[in-house]
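# Examination of the molecular architecture
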Amino acid sequence: MRVITTELKKLFGNKIFLLIIAAVMILNAYLMFRTANSGESSPADYKAVFSELSDMSDTEKIDWIDKQLNNFSEDQLYNRNVLSELYEECSNIVGYKDYLENIKSQAKSMKSISIFAKPDTFNYRSITITPSAYENVQDVQPAFDISNGIILATDNSFTDVLCVFIVIFIVLTVIISDREQGMSGLLFALKRGRSYLLLMKIAAAAVTILGVVLLIYTENLIISEQLYGLGNLFRPVQSINGFIGCNLKISVAGYLIIYILFKFISIFAIGSVLSLIAVNAKNTVTFYGISAIIFIIESILYIKIHPLSIYSIFRYINLISFTKTNNIFCNFKNINFWNYPVALIPVSIIAVLSIAAICVGLSAILYSKKRNLEFHKIGLKINIKKNNKIHSKLYYTFYKSLIMQRGFIVVIAFIAISGFMNQNFIKKYDVTDVYYEYYADTLKGKITQDKLDFIDNESLLFDDIQLKIDNFNQTGYSSEKNELYKALAPSYGFNLIKNRIDEIKDIDGVQIFYDSGYRRMFGITDDDDDMKYAFAAVLLCIFLISPLAANDKRYRMSSIINSTSSGKNRYIIRNVTVASVYGLFAALLWIIPYIITIFQYYGSDGLKASIRSIAFFKYFIIDMTVLQYLILISLIRIVFFIFLSLIMLWVSMKCKNAASAILINFAVFALPVLIYLLGAEFIINIGFNPLLSVNVILNDFTPLQLVIFPITFAFIIISKIKNHLLCS
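Residues numbered from 1 in each chain as written. Predicted model: local features only at pLDDT ≥ 70, side-chain atom pairs only at ≥ 80, totals over all residues. Heavy atoms only, no water.

## Observations regarding the pairing of strand S1 (residues 334-337)
Under the convention used in this document: Two strands pair under a simple rule: DSSP has to find at least two bridges between them. Only DSSP runs of H or I covering at least 4 residues are called helices, and only runs of E covering at least 2 are called strands; the numbering of each starts at the N terminus.
Where S1 meets strand S2 (residues 340-343), four bridges bridge the pair, whose relative direction is antiparallel. Residue pairing across strands places Asn-334 opposite Ala-343, the latter belonging to S2. The antiparallel pairing of S1 with S2 creates a hairpin that spans two residues between the two strands, and Trp-338 there sits at a positive phi of about 50°.

## Quick notes on the environment of Ser-54
Using the following cut-off: Polar contact is the term for a pair of N or O atoms within 3.5 Å; when the atoms are in protein, one must be able to donate a hydrogen and the other to accept it, and sequence-neighboring residues count only if both atoms are side-chain atoms.
Residue position: Ser-54 is located in the loop between helix H3 (43-53) and helix H4 (58-69). The sequence separation of Ser-54 and Asp-145 amounts to 91 residues, and the corresponding C-alpha distance is 8.6 Å. From its side chain, Ser-54 meets the backbone oxygen of Ser-51 in a polar contact 3.4 Å long.

## Overview of unusual backbone geometry
For clarity, the threshold we go by: Burial classes: relative accessible area under 20% of the type maximum marks a residue as buried, over 50% as exposed, and values in between as partly exposed (1.4 Å probe, protein chains only).
Notably, Asp-528 is not glycine yet its phi reads approximately 60°, a positive angle. Relative to the helices and strands, Asp-528 is located in the loop between helix H24 (516-521) and helix H25 (529-545). You can call Asp-528 partly exposed: its relative accessible area is 26%. Even without a glycine there, the phi angle at Val-694 is positive, about 65°. Looking at the element boundaries, Val-694 is found in the loop between helix H31 (689-693) and helix H32 (695-699). Note on Val-694: relative accessible area 1%, which makes it buried.

## Side note on the side chain of Asp-515
The condition is simple: Pairs of residues are marked as contacts when any of their non-hydrogen atoms sit within 4.5 Å.
The residue Asp-515 is located in the loop between strand S4 (511-512) and H24 in this model. Side-chain polar atoms of Asp-515 contact the side chain of Tyr-436, separated by 2.6 Å. Residues contacting Asp-515, with those up to four places away along its chain left out, are Tyr-436, Arg-500 and Ile-614.

## Considering the packing of aromatic side chains
Which entries qualify depends on this criterion: Classification of ring pairs rests on two measures: the distance between centres of Phe, Tyr or Trp rings, Trp counted by its six-membered ring, which must be within 6.5 Å, and the angle between planes, read as stacked under 30 degrees, edge-to-face over 60 and tilted in between.
Taken as a whole and judged by the stated rule, the model has 39 aromatic pairs. Here the aromatic rings of Tyr-96 and Tyr-99 are separated by 6.3 Å at their centres, their planes lie at 20°, and the arrangement is stacked. With Tyr-96 and Tyr-99 both in helix H6 (residues 96-111) and three residues apart, this pair spans about one turn of that helix. Note on Tyr-96: relative accessible area 0%, which makes it buried. Judged by relative accessible area, which is 25%, Tyr-99 ranks as partly exposed.

## Description of the layout of surface pockets
A probe matching the size of a water molecule, rolled over the atoms, marks out where space remains unfilled. Heads up, the condition is: Only protein atoms enter the 1 Å grid, on which a cavity is a set of points fitting a 1.4 Å probe that cannot get out and a pocket is an open set with protein on both sides within 12 Å along at least 5 of 7 lines, lining residues being those with an atom within 4 Å of a point. Grid points are joined across faces, edges and corners, and a volume is the space filled by probe spheres set on the points. Gly falls in the polar group here, along with every residue not listed as nonpolar (Ala, Val, Leu, Ile, Met, Phe, Trp, Tyr, Cys, Pro) or charged (Asp, Glu, Lys, Arg).
Of the volumes computed, that of the largest pocket is approximately 2000 Å³. Lining the largest pocket are 48 residues; nearest its centre among them are Val-161, Phe-295, Ser-299, Phe-535 and Leu-674. Among the elements that take part in the lining of the largest pocket, helix H13 (residues 284-304) stands out by supplying nine residues, more than any other. Across the lining of the largest pocket, the residue classes tally to 34 nonpolar, five polar and nine charged.

## A closer look at the environment of Lys-451
Structurally, Lys-451 can be placed in helix H21 (residues 449-475). Given the relative accessible area of 18%, Lys-451 is considered buried. In the structure, Lys-451 is positioned 50 residues away from Ile-501 in sequence and 9.8 Å away in space, judged by C-alpha atoms. What Lys-451 contacts, discounting residues up to four positions off in sequence, is Leu-443, Lys-444, Gly-445 and Lys-446. In terms of polar contacts, Lys-451 uses its side chain to reach the backbone carbonyl oxygen of Lys-446, at 2.9 Å.

Here it is in structure tokens:
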């Protein structure tokens, strides 16, 4: 117990850890409020409806909602989207008995269909056992009550991400920090052995994870109660919207208890996997690299494998899947275990417990067999064929970073991430954009009088169609009206191209081309591609640059390096060179594949046209081609990334170990991007985010912005490096 107490004191005595907890709580609360108010219906709209339904039976509630839906008068007090949603939800609850009977009847009918009637198939076996899974809920009667509060509190991906971020810090502090601080040799001599030491460390981590889960999800429930209300917690869990297919005979309160326990076990399982990696990783960079690879593989399996595939076991028995607790419990599911159906809930529980137990056991065994990491055995190896060529000091700096500090693992991992992101790039299907592309291709080139006449004729045509539709609306229904609506559909894309031409036709040298890809690339749309790709590039720089100087301090190599003939000055210059190369590499790994992907999906027409041909840039201060503008933002991103890399290097020089440098750089550079991507849009203009985006700076352009940012940060870097040189 003393070891557990000591580890807990080490964790909670760390001001950074307490700051992270506070920041996560604040961010989580903000995202909860933003999520609740981001849709077309606000929490107040739901409260207004439920205040009227409070004293009614379920049958009376559905009748009242139906009456409100059929009220088309101007004095309608309630949000129609809310009424439609609640009507469907209430209908499911009122018809719950019919739902159960339908499961049985469907099973019987499907057995008679040839594609399901083969006894040796997964479908047949699943159909056979599904009705029996609902036997214990035959006497359950759900009650219609507000579900939004429970759903908001329990179905948040951003809360899971924040919890995993805290778990990473816990693993770093509890397991890796001792090695980073040179304490391993002392702790290995513990009276009860190394296995006991590690098990106590993991126990301390488990206690902390449980506290974090309770704290964050209690916050979720409190906020959800304030926004929506939680309803009667003793009603059956089937009363929650989306849980009508759950086969567990428990109350909502019972489900919340199960939810918290399973959430803790699943996040602890992730922590156990990270602990196993930490025990075997030789340095912090290796730990992050291997962790990233594992999570990439798990994400690919979860996304790519179809739920009914013969390999679906790898989709559901998966670290990502385990965090989706509602998806596991909301409905009875059989997963395909090589053509044999197995129930998802018990398999998930057994799997997550097994993964946690196996990883903890392996960690203890491997930790007990590890030699002292602080005092390596010195040996002499003779290799006759060995090349004795002496390389430059810069070569050895790269060798130290990529080979000795396992930076190549990070490079491989992020090349895979880059490929995965571009492979899963999505061009959203939009009918309006399809017609917009058609008209842009039809009118491609310079704006001439013939094209303006074409625009006028098309406008008259669509106006005539709209007039006919208005006449039919007054006279009643007609089958011809459907045909008119089809004929009117292209008008949505046409109006976009017409408005664009109206805005730019008086500007010299402009052309028409399909510009949706450029608008997406230049941050005019809301796709946030710039920040998504910047996040991966920033992480690559953090994991490569943070250990550069910090590891030398950890092993007390600085004094030795300073006493060499090249001295401290050239040591700093070499690290600056390496950091700059990494910044350049990260920027190019983002920029080039992304541009190629955009051109593949949207085409590259208009590269030689004026940037003012895109209506958003009609007042752009410099008249340049689209290609020149693309080169400009690419060069600015490269320059900014190199500057940010040098700031990361300065942090590395100030830290005593790589773990601290990585943590600080992550908090300064990566965490704000992550917060923005999770939904906190205001933070795009805070910290280094504008430099990472570049689009934010140029789209709200002032001439000084392109000067102030580089000069300011160049001054910071130069002054810090100068101080180091003067102190040498």
